[in-house]
Amino acid sequence: MKRIQYNAYGGPELMKLEDFELREPGRGEVAVKVSFAAVNPIDWKVRNGALKMVTGKKFPRALGSDFSGVVISVGPGVTRMKPGDAVFGLARIQEAGAIGEAVIAPETFLARKPDSISFEDAACLATPGVTAWNGLVDKAGLKQGQRLFVNGCGGSVGESAVQLAHMVGVTVSGSCSAEDVQRARDLSVQTIFDYRVTDLSKIGDRYDVVYDTSATMTVAVGMSLLRKGGTFLDINPTPVKFIRAIFDRRLRPIICTARADILDGLARAAGEGKLKLPVAEIVPLRDAISLVTALEAGRKLRGKGLISMA
């Protein structure tokens, strides 16, 4: 089998399409034949070594987190999946490997793909959906009737947050680029600000929850938009922010943390037509390095970039 991997932490020039042998799934693990993998910023952050305290020093390392596909085999103790099941989800950050022909993932990081959605659409859901859920549900406890502001409502995490919030019965406002305004309108974002021309600290409105899904909002601005007792969700966690959050409960740094109940919830929402992320471009595995390199360099897509293993 083939996958994208690298033999040291560093830049995009280290990525190679190479042969590998898929190991047997261990306890609680599932082997999946990948149909599509989605590219996320976490993929190159891991490769650059930004998380090497977590990912360690063992090489070669594989690339990629989010995928859809079909279960090949399961390890001991697996009860939710069986060979032949169509699934989507994400690989462990310590191993990664979604951008390849097959991958190993924990059973708890997977959900069955609803029959009503495609493998392409399913591949987009995991990291953006889980991150949105971690913030809105786990950290903020979003409730019907509240007001939410999503900074970056045109990105994949932002779009996921908007759609999940509407399922709860929340009024959503947000900021995005001018190019994404129509998409935000289509998602029923009530008030939309162009972040390039608007000083968000001066907009006057106040919100129960502010979610910075684009990692561009300062803590000071985020806090200034809160109602009394509100919550600022920060997608760009740092040690300093974690320390500050101990003393100021309004600040909640967010780390993408997958669980079976979250993935199952995303599957239900997608199957009911309540959660969908746009696909902007699909390339074959042989062109994956070029796509990842371009996105890392700043190329913008109006949706997710996918890699097909067909």
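Ordered by their spatial adjacency, six strands build an open sheet running β11-β10-β9-β12-β13-β14, and the pairing between neighbours is parallel. Strands at the two margins of the open sheet, each flanked by one partner only, are β11 (192-194) and β14 (251-253). For this sheet, the mean angle separating the axes of adjacent strands, direction not counted, is 15°. Sheet topology note: the strand β9 (residues 147-151)/strand β12 (residues 207-212) ladder contains four bridges and is parallel. Its bridge partner lying in β12, N151 is registered against D212. Against the sheet, helix α4 (residues 126-139) engages β9, β12, β13 (226-234) and β14, with an angle of about 155° to β12.

Moving on to the pattern of salt bridges. Scanning the model with the defined rule gives 21 salt bridges in all. Salt-bridge contacts for K2 lead to D19; the nearest nitrogen and oxygen are separated by 2.7 Å. Of this pair, K2 sits in strand β1 (residues 2-6) while D19 sits in strand β2 (residues 16-19), placing them 17 residues apart in sequence. The partly exposed category is assigned to K2, whose relative accessible area is 34%. R259 serves as the salt-bridge partner of D261, at 2.8 Å between the closest nitrogen and oxygen. Residue class for D261 comes out partly exposed when judged on its relative accessible area of 40%. Judged by its relative accessible area of 31%, R259 is partly exposed.

With six of six residues buried, β12 lies mostly within the body of the structure. The pairing of β12 with β13 spans five bridges and is parallel. When the bridges of β13 are listed, V210 appears paired with F232. Between the parallel pair β12 and β13, the chain is carried across by helix α7 (residues 219-224), and the sense of this crossover is right-handed.

As a further point, take the packing of α4 against helix α5 (residues 156-168). The N-to-C vectors of α4 and α5 enclose an angle of 55°; their axes lie 8 Å apart at closest approach. Judged by the inter-axis angle, α4 sits oblique to α5. Once α4 is placed against α5, the crossing between them reads as right-handed. Contact with α4, carried on its side by P128, G129, T131, A132, W133 and L136, involves S156, V157, S160, A161, L164 and A165 of α5 and no other residues of that element. Of the residues in the contact of α4 with α5, the class split is eight nonpolar, four polar and no charged.

On to the packing of aromatic side chains. For the coordinates displayed, the defined rule picks out four aromatic pairs. Note on F149 and F193: the rings are 6.2 Å apart at their centroids and 40° apart in plane angle, and the pair reads as tilted. A residue pair is termed long-range when its members are at least 10 positions apart, and F149 in strand β9 and F193 in strand β11 qualify at 44 residues. Across this residue pair, the class does not change: F149 and F193 are buried. Taken together, the aromatic side chains of Y6, Y9 and F59 make up a single cluster linked through ring pairs.

Bringing the packing of α4 against helix α9 (residues 260-271) into the picture now. Two numbers describe how α4 lies on α9: the axes approach to 10 Å, and their chain directions differ by 110°. When the axis of α4 is compared with that of α9, the two are roughly perpendicular. Of the residues in α9, those in contact with A126, G129, V130, W133, N134 and D138 of α4 are I262, L263, G265 and L266.

Another point: the nonpolar core. Counting residues in each nonpolar core, the largest one holds 40 residues, and the members touching the most others are F88, L136, L148, L263 and L266. If you tally residues by element for this core, the top one is α9, at six residues. Once residues lying within four places of it in the same chain are set aside, the contact partners of L263 are F88, G89, L90, T108, F109, L110, A111, A126, V130 and A258. Listed in part, the 31 residues of the second largest apolar core include V34, I99, V103 and L301.

Parameters at a glance
All residue numbers refer to position in the chain's written sequence, counted from 1. Under the rules for a predicted model, residues below a pLDDT of 70 receive no local features and side-chain atom pairs below 80 are neither given nor counted, while totals for whole chains, interfaces and linings still include all residues. For the side-chain quantities, the full set of heavy atoms in the structure was used; hydrogens and water were omitted. Here, a strand pair is defined by DSSP locating no fewer than two bridges between the strands. In DSSP terms, a helix is any run of H or I states spanning at least four residues, a strand is any run of E spanning at least two, and both are numbered starting from the N terminus. Axes here refer to lines fitted to C-alpha atoms; in helices the fit is confined to the stretch in contact. Angles between the N-to-C directions go from 0 to 180 degrees. Between two residues, a contact is recorded if the distance between any of their heavy atoms is within 4.5 Å. The salt bridge definition used is simple: a Lys or Arg side-chain nitrogen within 4 Å of an Asp or Glu carboxyl oxygen. The cut-offs for exposure are 20% and 50% of the maximum accessible area for each residue type, with area from a 1.4 Å probe on protein chains only; residues under the lower value are buried, those over the upper are exposed, and the others partly exposed. With the strands aimed away from the viewer, a crossover counts as right-handed if its path from the first strand over the helix to the second runs clockwise. In what follows, roughly perpendicular refers to angles from 65 to 115 degrees, roughly parallel to angles under 35, roughly antiparallel to angles over 145, and oblique to any angle outside these ranges. What makes a crossing left-handed is the near helix being turned counterclockwise from the far one by less than a right angle; a clockwise turn instead makes it right-handed. In this count, Pro and Cys sit with the nonpolar residues alongside Ala, Val, Leu, Ile, Met, Phe, Trp and Tyr, while Asp, Glu, Lys and Arg are called charged and the others, Gly among them, polar. Side-chain rings of Phe, Tyr and Trp, where Trp is taken by its six-membered ring, are said to pair if the distance between their centres is within 6.5 Å; with planes under 30 degrees apart they count as stacked, over 60 as edge-to-face, and otherwise as tilted. In this description, a nonpolar core means a group of buried Ala, Val, Leu, Ile, Met, Phe, Trp, Tyr and Cys residues linked to one another through side-chain atoms lying within 4.5 Å.

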